[in-house]
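# Fold and contact review
So you can see what is in the structure, the chains are spelled out below.
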Amino acid sequence: MPARPMEPADIRRQVVLEEHDLAPDASFAIVVRRFVRGNGYASELWLVPLEPAGRPRRLTRGRVRDSRPRISPDGRRVAFLRRELDGRERPGRLMVLRIAGRGRPVAVLRRDMTVADHAWSPAGDRIAFTAEVEPPRFIVGPKPRRKEAPLARRIGRIDWRFDEAGHVDRWEHLFVVDARAAGRPVQLTEGDHRVDGIAWRPDGRAIAFAADPRPDADLRPRASIWTVDVPRRGVTRRPKPREILALGGWANSPAWSPDGRRVVAIGVDAADPTDDVSPGLFVAPVDGSSSPVALAPELDRPIGDWVDTDLEGWMTAARAGPFWPLRDRIVAAVSDRGRSAPWAFPIDGAGHSSGTPRRLAAGDVTCRSLAVAAPNGRLAVTFVGTSGSRAMELMTVPDPAEGAPRTSTTLGSRWQRRVVVPDMRLVAAPGPGGSIETWIASPPGAGDRPLPTIVDVHGGPLGAWAPAPAIEVHLLTARGYRVVLPNIRGSATYGRDWITPQLGDWGGVDATDVHAAVDHVIGLGLADPDRLGVLGLSYGGFMVHWLIGTSDRFAAAVSENGVANQVAAWANSDSGVEYNRTSRLGDPLTQEGMLRLWRQSPMANVARIRTPLLMLQGEADRRCPAADNEQLFIALRVLGREVEYVLYPDEFHVFAITGRPDRRIDRMTRMLDWFDAHLLGG
């Protein structure tokens, strides 16, 4: 069947390989394959043979959302989280499945608990997990029934809400349960804080995790790494956790050294760090005999997957490591110039860098889910990510790591064969702060003639466009548009000097760079200067509002869950206080601070806006809430400007990627129709 131009309804055919785990002997991996089912999403586990390579086999099926697979140390079982898609809002369950044969998965816990994370013990006889605990933090009155609102919430901290979660009434804490039969879990931690990033010590006697138990953690989050002893079976006394790695900033995602004497974690060691400090790797001895040591502090690139492509799905958290599989090597994902890939960090016996870190996978790839093993002292590295324009697949790194990774599946990108995929071209647009790495997406076969062109600004601003085009880019090029995707100053993955000039100056150097990238594409003869549009989500939505309030060059604009009034957003956003501090936007606690925020607010320029604007908003978004963007809509309506505001019930910040399929389709259709009406004449 020949490929055809993609339409919004094709969202229902999109499949995403979201995450995976690697068997200890590296002979197979288990991946999560997510797809649209009805008007929602289902996902199943698939086994992928690697050594020798073979045909993938489906392990689970049904009206379920299976996620977070973790293979047991003996390679015979997989633990995972399951949510039943039966219309009843029950908590996800922790399940275990024997990989061989056709058996059914078995629930590990006797009662329903909202499990967030889990990990096998080294012996495979126990499972550690984090789950929400009672009593509720803020609820007043009797415990409400499911879907029933409480009598009231008595709020004493500013961390009672968070994007995609709503009211954070309960924290997740650490438990251990016997993996061999459904049993009663033993709770190991407690307190008014969250526990995450759990990792067993190699001897199975302790668990490391990240937490921030300080009483003012809601005002200035600064998680550190802790360890807690695992009690013997039958012991009910709750052990006391001990802090083992603390930095000037924050730390998370701990991993143990093979001998259990040290831990490595992702973190920032600057006091009160701002967004221009890239998260790095830090190693510390567990006994506290010396301070944490930074690995490759000169790298100036963030650990993790910091790139923007919604082909990654965004419904599960990225798994970037670190892993410490061998005595002399640590492996973690690193983001560099709009790509992310596994890197190896050499380390000596004292826990210090012993050489230059090196990238393990070449090419235009992204690494969303990383898993590592070391059978017989041989390093085995796999990751789920994109390669070029291709959607997410499982990839393996050759040993020794040289050149491009080997693609081991077709489960995630097969849907792309039915649709035309954009041609992606990378250019260096000259700008006052240096070359701006800019992707240009074009309809295949369009040649170099000028086309109506949309500039798409990524979110963050610490995002960065990747080589893999987003779904909206697929759709825009299918309609005949070029799409300009600039990694302007403020974009992560290009180093501190590229971020610092943008801090506290929203609408300054970043807006200058957008114009410079557009000018360059026009100069190449690829864009029609009379038919330009602008599009953006979150910070990209702010930039849309800012650009049309300070320039008349765009014939149409579409913003989504953007920012209009920085003064209001400081308190209205779920994370506004800390976000404003790290991005140096400031605060409204003084008249000077309020005026500084107002100078960076699109509302300050609203009377100048003449560009037709379509505003798309998730009603349940707490990151960039509707209350902020409605101010801009109402002002434009009063001014008699062409503006339309579309509100999507129950949808959160990135509903364009993670929302209900029919709402995603409606969003994409409205975006296309808006640009068609104003750039193509209908």
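Residues numbered from 1 in each chain as written. Predicted model: local features only at pLDDT ≥ 70, side-chain atom pairs only at ≥ 80, totals over all residues. Heavy atoms only, no water.

## Here we look at the layout of surface pockets
Roughly 340 Å³ of internal volume is contained in the second largest pocket. Along its surface, the second largest pocket is lined by 17 residues, and Leu59, Thr60, Gly103, Arg104 and Pro105 are the ones closest to its centre. Looking at which element gives the most residues to the lining of the second largest pocket, the answer is strand E7 (residues 93-98), with 4 residues. (1 Å grid on protein atoms, 1.4 Å probe; cavity = no way out; pocket = protein on both sides within 12 Å on 5 of 7 lines; lining within 4 Å. Points joined across faces, edges and corners; volume = space filled by probe spheres on them. Helix = DSSP H or I, 4+ residues; strand = E, 2+ residues; numbered from the N terminus.)

## Examining the nonpolar core
Val514, Val534, Met543, Leu613 and Leu632 are the most contacted members of the largest nonpolar core, which totals 47 residues. Ranked by residue count, the leading element in this core is helix H4 (residues 539-550), at 7 residues. Those residues in contact with leucine 613, other than ones at most four positions away along the chain, are Val544, His545, Ile548, Ala557, Val558, Ser559, Leu632, Leu636, Glu642, Val643, Glu644 and Trp674. In this structure, Ala42, Leu476, Val646 and Phe675 belong to the second largest nonpolar core, which totals 38 residues. (Core = buried A, V, L, I, M, F, W, Y, C linked by side-chain atoms within 4.5 Å. Buried < 20%, exposed > 50% of the residue type's maximum accessible area, 1.4 Å probe, protein only. Contact = heavy atoms within 4.5 Å.)

## Some words on the environment of arginine 339
Of note, arginine 339 is situated in strand E27 (residues 339-346). Sequence separation between arginine 339 and alanine 468 is 129 residues, and the spatial gap between their C-alpha atoms is 9.5 Å. Apart from the residues lying within four places of it in its own chain, the contact partners of arginine 339 are Val307, Val334, Arg359, Gly363, Asp364, Val365, Leu426, Glu437, Trp439 and Pro467. A polar contact of 3.1 Å, which involves the side chain of arginine 339, links it to the side chain of aspartate 364. (Polar contact = N/O pair within 3.5 Å; in protein donor to acceptor, adjacent residues only side chain to side chain.)

## A short note on the sheet that holds strand E30 (residues 380-387)
In spatial order, the strands read E29-E30-E31-E32; together these 4 strands make up an open sheet with antiparallel pairing. Bordering the open sheet on either side are strand E29 (369-373) and strand E32 (406-407), each of which pairs with just one other strand. Across 5 bridges, the pairing between E29 and E30 is antiparallel. From the neighbouring strand, alanine 373 faces E30, where its bridge partner is alanine 380. (Pairing = 2+ DSSP bridges.)

## Description of the packing of helix H1 (residues 471-478) against helix H10 (residues 661-680)
The contact between H1 and H10 brings their axes to 11 Å, and the two run at 40°. Relative to H10, the element H1 is oriented oblique. For H1 against H10, the interelement crossing comes out right-handed. Taken together, the residues of H10 that come into contact with H1 (itself represented by Ile471, Glu472, Leu475 and Leu476) are Arg667, Met668, Met671, Leu672 and Phe675. For the contact of H1 with H10, the residue count by class is 7 nonpolar, no polar and 2 charged. (Axes fitted to C-alpha atoms, helices over the stretch in contact; angles between N-to-C directions. Parallel < 35°, antiparallel > 145°, perpendicular 65-115°, else oblique. Left-handed = near helix turned anticlockwise from the far one by under 90°. Nonpolar A, V, L, I, M, F, W, Y, C, P; charged D, E, K, R; others polar.)

## Quick notes on the packing of helix H3 (residues 509-523) against H4
How two helices pack is summed up by the angle between their axes together with the distance between the axes. Packing of H3 against H4 brings their axes to within 11 Å, and their N-to-C directions diverge by 75°. Our classification of the angle between H3 and H4 gives roughly perpendicular. Contacts between H3 and H4 involve Asp510, Ala511, Val514 and His515 on the former and, on the latter, Tyr539, Met543, Trp546 and Leu547. A per-class count over the contact of H3 with H4 returns 6 nonpolar, 1 polar and 1 charged.

## Quick word on the packing of aromatic side chains
Summed over all chains, the structure comprises 9 aromatic pairs. Geometrically, the ring pair formed by phenylalanine 129 and phenylalanine 175 is stacked, given 5.2 Å between the ring centres and 10° between the ring planes. With phenylalanine 129 in strand E10 (residues 126-132) and phenylalanine 175 in strand E15 (residues 172-178), this residue pair connects regions lying 46 residues apart in the sequence. On the basis of relative accessible area, phenylalanine 175 is assigned to the buried category, the value being 5%. An aromatic cluster is built from Trp506, Tyr539, Phe542, Trp546 and Tyr579, whose rings are joined through pairwise contacts. Above the plane of the ring of phenylalanine 162 lies arginine 623, whose end atom (NZ or CZ) is 5.2 Å from the centre. (Phe/Tyr/Trp six-rings, centres within 6.5 Å; stacked < 30°, edge-to-face > 60°. Lys NZ or Arg CZ within 6 Å of the ring centre and 35° of its normal.)

## Here we look at the pattern of salt bridges
The tally for this structure, following the rule as stated, stands at 50 salt bridges. Among the charged side chains, a network of salt bridges with common partners joins Glu7, Arg479, Asp673 and Asp676. (Salt bridge = Lys/Arg side-chain N within 4 Å of Asp/Glu carboxyl O.)

## Points about the sheet that holds strand E20 (residues 242-245)
Here 4 strands make up an open sheet; going across it, the order is E17-E18-E19-E20 and the pairing antiparallel. Here the strands that pair on one side only, and so sit at the sheet edges, are strand E17 (195-200) and E20. Geometrically, the sheet is characterised by an average inter-axis angle of 35° between neighbouring strands, direction not taken into account. Where strand E19 (residues 224-229) and E20 come together, 3 bridges link them in antiparallel fashion. For isoleucine 225, the partnering residue across the bridge sits in E20 and is leucine 245.

## Re the side chain of arginine 319
Structurally, arginine 319 is set in the loop between strand E24 (293-295) and strand E25 (323-326). Engagement of the side chain of arginine 319 in a polar contact is seen with the side chain of aspartate 21, the distance being 3.1 Å.

## What to know about the side chain of serine 369
Relative to the elements of secondary structure, serine 369 occurs in strand E29. Since its relative accessible area comes to 1%, serine 369 is described here as buried. When sequence neighbours within four positions are dropped, the list of residues in contact with serine 369 reads Glu18, Glu19, His20, Arg319, Thr382, Phe383 and Val384.

## Notes on empty space enclosed by the protein
The full count for this structure, using the stated rule, is 1 cavity of 30 Å³ or more. If you add up the space inside the largest cavity, you get close to 30 Å³. Lining the largest cavity, in full, are Thr453, Ile454, Val455, Val484, Val518, Ala527, Leu532, Gly533 and Phe554. Those elements giving two or more residues to the lining of the largest cavity turn out to be strand E35 (451-457) and strand E37 (527-537). Tallied by class, the residues present in the lining of the largest cavity amount to 7 nonpolar, 2 polar and no charged.

Honestly, that's just the spatial picture; any functional story needs more than this.
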